[in-house]
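# Report on the structure
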Amino acid sequence: MIEVIGLSKKYGAKQVLKNIKIKFEEGIVCGIVGENGAGKTTLFRCIAGLEDYEGKIFSEINPLKNHLGFLQTEPYFFSKITGNEYLRLLCNARNKELKDIESKNIFDLPLNQYASTYSTGMKKKLALTAVLLQENNFFILDEPFNGVDIHSNIIITEIIHKLRELKKTVIISSHIFSTLSDNCDEIHLLKEGEFINKVTKGEFAKLESEMKEITIGDKIERLEIK
Amino acid sequence: MIGYFILQYRMTNRKLNDFGIGPVIGYVLLTAGFIGLSVFLFYKTAFAEYIYITVALAFVSNLSEIKRNDFLKACFSDKKFKLLRISENLVVTIPFVCFLFFKQLLLSPVILIGISVLLGLTSFKTTLHFTVPTPFFKRPFEFSVGFRNTFYLFIISYLLTFFALFYDNFNLGVFALLLVIVIPFSYYVRPENDYFVWIFNSSSKQFLFHKIKTGLFFSSMLSLPIALVLGSSYPANVEVIFLSISLGYFFLITMILAKYASYPYEIGLPEVIIIVASVFFPPLLLAIIPYFFIKSTKRLTRILG
């Protein structure tokens, strides 16, 4: 369980997160949706402890950061580190022994190549494999499906189901609504640094149509495509 | 095209500001440093002319990197692109050419200009396709990445050691040893992305001890073979070898701590001044190391808790 109380974050004069209050339960996969700049990544970085913030964040296991697998939107890789070394680095950092790496390479990544030469999707899969091998209790998956091929999409969906089964706390963000509705137990809508709506499984379709209505409006007509 | 050079100028000014010095002071220091190092090089060795051209071409060839050139090609017409590439290569070359003329050398600056113009018309990958193997796979990051960027310098160092023994030149051997000790300092110059500090489940002190332990162990793997060979060939000079290695360890620790004392920013000017002062007066390290350690601990606590 992770509980966020009164979380606010400013960059200079710009208020990015406004008094956020939310609870992420164990065994529940929680989706966060919002437009670009709504504050999703900032919220995740605050939960991870990578940003200073006002407010409180509680978790049942402390310190939270040592048990948190954080898959970033754009994972960073050093220019000359191999996939294998990247996995080893992340496991070493959490004192986890990396055993039987070949059988755990479920995305068939070329682990002896430099990770910087990987495609966007391969980088995402490598970073996801690394946070899974760390044996975390909490997961923040920021855009886990970004740039990933259809086969790996299926595998990632199954991984998320497995994490739920194992009673892990999972937070996902995605710009593709179907990936959230397939994987999440609840979805929270973040707008301009505030949660404005929360829906559970049965209400996903309603939320999607509401979002479409708000997002699209008359924008396509205004474009006057000819 | 003028807009491109103005942009480069502004970006350089920003880098100098980030480094903690104003652009004017920065340019004065860079000019003074360049002249100082050039004079020193020509004073020290008879091969200075060749080393000088090699260094100049290394700077110029960096500008030929394929992705960078693809971007410029997409921005400018073919004619403007070629003109721009030749111009920027010459901008980099001019200080070297001027100094060579000052040294009354005529052929080498002309060759340098010629190669720079030719390089302006070519683009190539400055990174290798194959994975360079390293002995540091157990604890990857600084040494595995750094070694891959500098492995050719180690080949040169080991060759120099061979020549030192072959020609019975102990000083050359010590130079090779110092080179192997000093190269890894560069692995700690740039701060890593905060994610790679955050992932560690250790306190800031444990994190620093881990980094120091790994650094010393891997540095020893690279330098001890030369030290042992030199020690067995020149037993009377073991003290010099021991002193070189010991000082190298102290400076490596200083570099590691200096990096995290400024983290997440690049090593600042005050740290650079302190390190330079300790090069001239090494006993200062005994005060600098604890000072950087305390500062690093404070910096890292925000991320590591």
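Attention here is on the structure that accompanies the text.

What counts and what doesn't
- Residues numbered from 1 in each chain as written.
- Chains lettered and ligands numbered in written order.
- Predicted model: local features only at pLDDT ≥ 70, side-chain atom pairs only at ≥ 80, totals over all residues.
- Heavy atoms only, no water.
- Buried < 20%, exposed > 50% of the residue type's maximum accessible area, 1.4 Å probe, protein only.
- Helix = DSSP H or I, 4+ residues; strand = E, 2+ residues; numbered from the N terminus.
- Pairing = 2+ DSSP bridges.
- Salt bridge = Lys/Arg side-chain N within 4 Å of Asp/Glu carboxyl O.
- Axes fitted to C-alpha atoms, helices over the stretch in contact; angles between N-to-C directions.
- Contact = heavy atoms within 4.5 Å.
- Phe/Tyr/Trp six-rings, centres within 6.5 Å; stacked < 30°, edge-to-face > 60°.
- Lys NZ or Arg CZ within 6 Å of the ring centre and 35° of its normal.
- Disulfide = S-S within 2.5 Å.

### What to know about the pairing of strand β8 (residues 186-191) of chain A
Residue and element names in this part refer to chain A. Among the six residues that make up β8, five are buried, leaving the element largely enclosed by the rest of the structure. Across four bridges, the pairing between strand β3 (residues 29-33) and β8 is parallel. Residue pairing across strands places C30 opposite E186, the latter belonging to β8. In terms of strand pairing, β8 meets strand β9 (residues 194-200) through six bridges, oriented antiparallel. The residue of β9 that forms the bridge with K191 is E194. The turn joining β8 and β9, which pair antiparallel and follow one another in sequence, is formed by two residues; a positive phi near 45 degrees is taken by E192.

### Observations concerning the pattern of salt bridges
Here the structure, examined in full by the defined rule, presents 19 salt bridges over all chains. Residues K125 of chain A and D149 of chain A are paired through a salt bridge, measuring 3.0 Å at the closest nitrogen-oxygen approach. Of the two residues, K125 of chain A is situated in helix α4 (residues 120-133) and D149 of chain A in the loop between β6 (138-142) and α5 (150-165); the sequence distance between them amounts to 24 residues. Here the salt bridges share partners, and the residues they tie into one network are K9, R45 and E51 of chain A together with D194 of chain B.

### As for the sheet that holds strand β2 (residues 14-24) of chain A
All names here are of chain A. Spatial strand order, β2-β1-β4: three strands in an open sheet with antiparallel pairing. Here the strands that pair on one side only, and so sit at the sheet edges, are β2 and β4 (54-59). Taking the axes of each pair of neighbouring strands and ignoring which way they run, one obtains an average angle of 15 degrees across the sheet. Relative to β4, strand β1 (residues 2-11) runs antiparallel, the two being bridged by five bridges. Bridging across to β4, I5 finds its partner in K56.

### Describing the sheet that holds β3 of chain A
Residues and elements named next belong to chain A. If you trace the six strands from one edge of the open sheet to the other, you get β5-β6-β7-β3-β8-β9, paired in mixed fashion. The sheet is open, and its two edges are formed by β5 (68-71) and β9, each paired on a single side. When strand polarity is set aside, the average angle formed by the axes of neighbouring strands in this sheet is 15 degrees. Strands β3, β5, β6, β7 (169-173), β8 and β9 of the sheet are contacted by helix α1 (residues 40-48), whose axis makes an angle of about 150 degrees with β5.

### Digging into the packing of aromatic side chains
Applying the stated criterion across every chain, the model contains 40 aromatic pairs over all chains. Where Y4 of chain B meets F5 of chain B, the ring centres are 5.4 Å apart and the plane angle is 80 degrees; that geometry is what we call edge-to-face. Against the face of W198 of chain B rests R94 of chain A, its NZ or CZ located 5.4 Å from the ring centre.

### Regarding the state of the cysteines
Residue and element names in this part refer to chain A. Counted under the stated rule, the structure contains zero disulfides over all chains. Unpaired in terms of disulfides, C30 finds its nearest cysteine sulfur in C184, a separation of 7.0 Å. The class for C30 is buried, based on a relative accessible area of 1%.

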